[in-house]
Amino acid sequence: MLDAFLKEQLADLDRKNLRRSLRCVDGAQDRTIVMGGKAYLNFCSNNYLGLAADPRLKEAAVSALTRSGFGSGASRLVCGTLSEHRELEERLAAFKGTESCLIFNCGYMANVGIISSLFGRGDLILCDRLNHASILDGIVLSRASFRRYPHRDMQALERLLQRSGGCKKKVIITESVFSMDGDVAPLDEIIRLAREYGVVVMVDDAHGTGVLGEKGKGAAEHFNCSQDVDIQMGTLSKALGSFGAYCCGSKCLMDFLINKARSFVYTTALPPAVAAASLKALDILETEPERRKTLWKNTRFVLESLQNLGFDTMHSRTPIIPVLIKEEERALTFSRRLFEQGILVSAIRPPTVPARTARLRLTVTARHSQEDCECLIQKMQKIGRDLCLI
Ligand code: PMP
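Okay, so let's go over this structure. Predicted model only: the values in this text are computed from it and were never measured.

## Notes on the site of the ligand
Next, step 1: Near the ligand there are 14 residues, and of these G107, Y108, D204, H207 and K238 occur at the shortest range.
Next, step 2: Take G107: an N or O atom from its main chain is 2.7 Å from an oxygen atom of the ligand.
Next, step 3: At 2.6 Å from a nitrogen atom of the ligand is found a side-chain nitrogen or oxygen belonging to D204.
Next, step 4: A per-element tally of the shell around the ligand places helix α5 (residues 107-118) first, with 3 residues.
Next, step 5: Classifying every residue of the shell around the ligand by side-chain character gives 3 nonpolar, 8 polar and 3 charged.

## Digging into the packing of aromatic side chains
Next, step 1: Scanning the entire structure with this criterion turns up 3 aromatic pairs.
Next, step 2: With 6.0 Å between their ring centres and 70° between their planes, F104 and F264 make a pair best called edge-to-face. Pair noted here: F104 is in strand β3 (residues 100-104) and F264 is in helix α11 (residues 262-265), with a separation of 160 residues, a long-range link.
Next, step 3: By relative accessible area, F104 is classed as buried at 2%.
Next, step 4: Pairing F311 with F334 gives two aromatic rings, centres 6.2 Å apart and planes at 55°, and the pair type is tilted. In this pair, F311 is assigned in the loop between α13 (289-309) and β10 (320-326) and F334 in helix α14 (residues 328-340), connecting sequence segments 23 residues apart.
Next, step 5: Judged by relative accessible area, F311 falls into the buried class, the value being 6%.

## Here's the deal with helix α2 (residues 55-68)
Next, step 1: Under the 1.5 Å per step criterion, the end-to-end length of α2 is 20 Å for 14 residues, consistent within 8% with the ideal 20 Å.
Next, step 2: What α2 keeps buried is the set L57, A60, A61 and A64. Burial along α2 is one-sided: seen end-on, the buried residues are contained in an arc of 95°. Across from the buried face of α2, at angles greater than 90 degrees, the exposed residues are P55, K58, E59 and T66.
Next, step 3: Of the residues flanking the start of α2, the one acting as N-cap is D54, its side-chain oxygen 2.8 Å from the backbone nitrogen of R56.
Next, step 4: Once α2 ends, the next one or two residues include G69, with phi positive near 80°.

## What about a nonpolar patch on the surface?
Next, step 1: Taken together, the side chains of L2, F5, L6, L10 and L13 define a hydrophobic patch exposed on the protein surface, amounting to about 440 Å² of accessible area.
Next, step 2: Examined against the element boundaries, L2 turns out to sit in helix α1 (residues 2-15).

## Describing the packing of α14 against helix α15 (residues 370-386)
Next, step 1: The N-to-C vectors of α14 and α15 enclose an angle of 140°; their axes lie 10 Å apart at closest approach. Considering their axes alone, α14 and α15 lie oblique with respect to each other. Here α14 and α15 pass one another in a crossing that is right-handed. Where α14 approaches α15, its residues F334, R337 and L338 are matched on the opposing element by K379, M380, K382, I383, G384 and D386.
Next, step 2: Grouping the amino acids of the contact of α14 with α15 by side-chain chemistry returns 4 nonpolar, 1 polar and 4 charged.

## Section: the packing of α13 against α15
Next, step 1: At their nearest, the axes of α13 and α15 sit 10 Å apart, and the two run at 20° to each other. In terms of their interaxial angle, α13 and α15 are classed as roughly parallel. The hand of the α13/α15 crossing is right-handed. For the pair α13 and α15, the contacting residues are K297, N298, F301, V302, S305, L306 and L309 in the first and Q370, C373, E374, L376, I377, M380 and Q381 in the second.
Next, step 2: Split by residue class, the contact of α13 with α15 holds 8 nonpolar, 4 polar and 2 charged.

## Some remarks on empty space enclosed by the protein
Next, step 1: Counting across every chain of the model gives 1 cavity of 30 Å³ or more.
Next, step 2: By volume, the largest cavity amounts to about 80 Å³.
Next, step 3: As for the largest cavity, its lining consists of R76, H85, I103, F104, N105, S263, F264, T267, T268, A269 and L270.
Next, step 4: Contributions of two or more residues to the lining of the largest cavity are made by β3 and α11.

## Notes on unusual backbone geometry
Next, step 1: Here the bond from P350 into P351 is cis, since omega is 5°, no more than 30 degrees from zero.
Next, step 2: Tracing the chain through its elements places P351 in the loop between β12 (346-348) and β13 (358-363).
Next, step 3: With a phi close to 55°, N224 is a non-glycine residue in the positive phi region.
Next, step 4: Looking at the secondary structure, you find N224 in the loop between α9 (219-222) and β8 (231-235).

Here is what the cut-offs are and how they apply
- One numbering rule holds for all chains: residues counted from 1, following each sequence as written.
- It should be noted that, the model being predicted, local features are given only for residues of pLDDT at least 70 and side-chain atom pairs only at 80 or more, the latter also being counted only at that level, while totals for whole chains, interfaces and linings use all residues.
- The side-chain figures draw on all heavy atoms in the structure; neither hydrogens nor water molecules are used.
- Near residues are defined by distance, with any heavy atom within 4 Å of the molecule or strand qualifying the residue.
- Two N or O atoms count as a polar contact when they lie within 3.5 Å, although within protein this holds only if one can serve as hydrogen donor and the other as acceptor, and sequence-adjacent residues are included solely when both atoms are side-chain atoms.
- The secondary structure listing takes helices from DSSP runs of H or I that are at least 4 residues long and strands from runs of E that are at least 2 residues long, numbered from the N terminus.
- In this classification, Asp, Glu, Lys and Arg are treated as charged, Ala, Val, Leu, Ile, Met, Phe, Trp, Tyr, Cys and Pro as nonpolar, and every other residue, Gly included, as polar.
- Each pair of aromatic rings taken from Phe, Tyr and Trp, with Trp reduced to its six-membered ring, is defined by centres within 6.5 Å and is described as stacked if the planes are under 30 degrees apart, edge-to-face if over 60, and tilted in the remaining cases.
- Accessibility here uses a 1.4 Å probe with only protein chains present; expressed as a share of the type maximum, an area under 20% marks a residue as buried, one over 50% as exposed, and anything in between as partly exposed.
- Helices are assigned an expected span. That span is 1.5 Å times one less than the residue count.
- Taken from the helix axis, the directions to the C-beta atoms give the arc we talk about.
- Here, patches come from residues exposed beyond 30% relative accessible area and free of salt bridges, joined within 9 Å for like charges and within 5 Å for nonpolar side chains (Val, Leu, Ile, Met, Phe, Trp, Tyr).
- Areas reported as accessible are Shrake-Rupley estimates using a 1.4 Å probe. Residue values count occlusion only from the protein chains shown.
- Note on definitions: salt bridges are taken to be side-chain nitrogens of Lys or Arg within 4 Å of carboxyl oxygens of Asp or Glu.
- Convention adopted: a line fitted to C-alpha atoms gives each axis, helices being fitted over their contacting stretch, and angles between N-to-C directions are expressed from 0 to 180 degrees.
- Angles below 35 degrees are treated as roughly parallel, those above 145 as roughly antiparallel, those between 65 and 115 as roughly perpendicular, and all remaining angles as oblique.
- The crossing is said to be left-handed when, going from far helix to near helix, the turn is anticlockwise and less than a right angle, and right-handed when the turn is clockwise.
- We call two residues in contact whenever any of their non-hydrogen atoms come within 4.5 Å of each other.
- For cavity detection a 1 Å grid was placed over the protein atoms alone, and a set of points counts as a cavity when a 1.4 Å probe fits there but cannot get out; an open set counts as a pocket when protein lies on both sides within 12 Å along at least five of seven lines, with lining residues being those that have an atom within 4 Å of a point.
- Grid points are joined across faces, edges and corners, and a volume is the space filled by probe spheres set on the points.

See below:
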């Protein structure tokens, strides 16, 4: 009976071109990726600095494995904090310029745990309309009231703030670099409003960490406002090529989360080898700034070339480059045609993005060569013309 019900729902997704499925990859996530025995140029990962398959991360993980084993045994509150966890937290707090840090097992768990523990009934959460699903899920779990403002619209945010009297705690939550649009939140404006209205600020820097800022420290460095963001959350799985997430802020905030964030309390700690790989990634991030330079050079080239060809890249200014197509079917066809020609780029459809904004989501990395980028542009041009997009 259950299967019959599910099959009906899956058929409905099929009819709407919204069904998703998994593809198997052989080997590592890198500049190219192997599927079904064939290599594809990989233009869709979040591996911005190309560290996911870096031999030094592997070595760091292997020596942590030898030293500390693989599993971490239990929740940190039960079995204790391993030296790799402690070191990673100290390192991240120093990197972000905050008093303290707490690591979570992934970004999804960090957002759900942070938001649902800090805010509750009687509180008000103001949230950019395009914020990530994990932020929304945290909000729903929190039971706080919430209002969404149109994407990056500061006038609308201010209007909501003007009408926000009577709530206990208030918080503005935004991504720094928006994961499906590649544009950047006006954090300076958000902080100005937060100060004026006495509101807490939380930033999800998943796609800014390692990418934004002179030294790759993320959005707070880019806007020079580290001390003004109360809750800096980010992931270790994107530019840092590892896995896990962090929350940086005051010592008091971390003490609270250790006690109250259910996705921290009730889960087994991150394996030590994973934390060791993140530590190595931070070393590389700090000592090899040329990676970021190449990333931005590739970003500029791909973004400008696509715009010159007449593609709609929305308001992207970062290595996340959407190509707006609107119709789901055409986005899928575009992605499939690229795949047939050896290039992996995903079609992103609702509910990940709003209705009628299906798109290709291209991401460039520091591992791509100029020839890789030129090859991508050439294929985009040919297929874009065939599909009457340019
Ligand atoms: N926040 C944002 C903005 C993201 O894009 C993602 C992942 N795509 C997450 C949180 C979740 O991070 P993780 O993959 O580590 O669970």
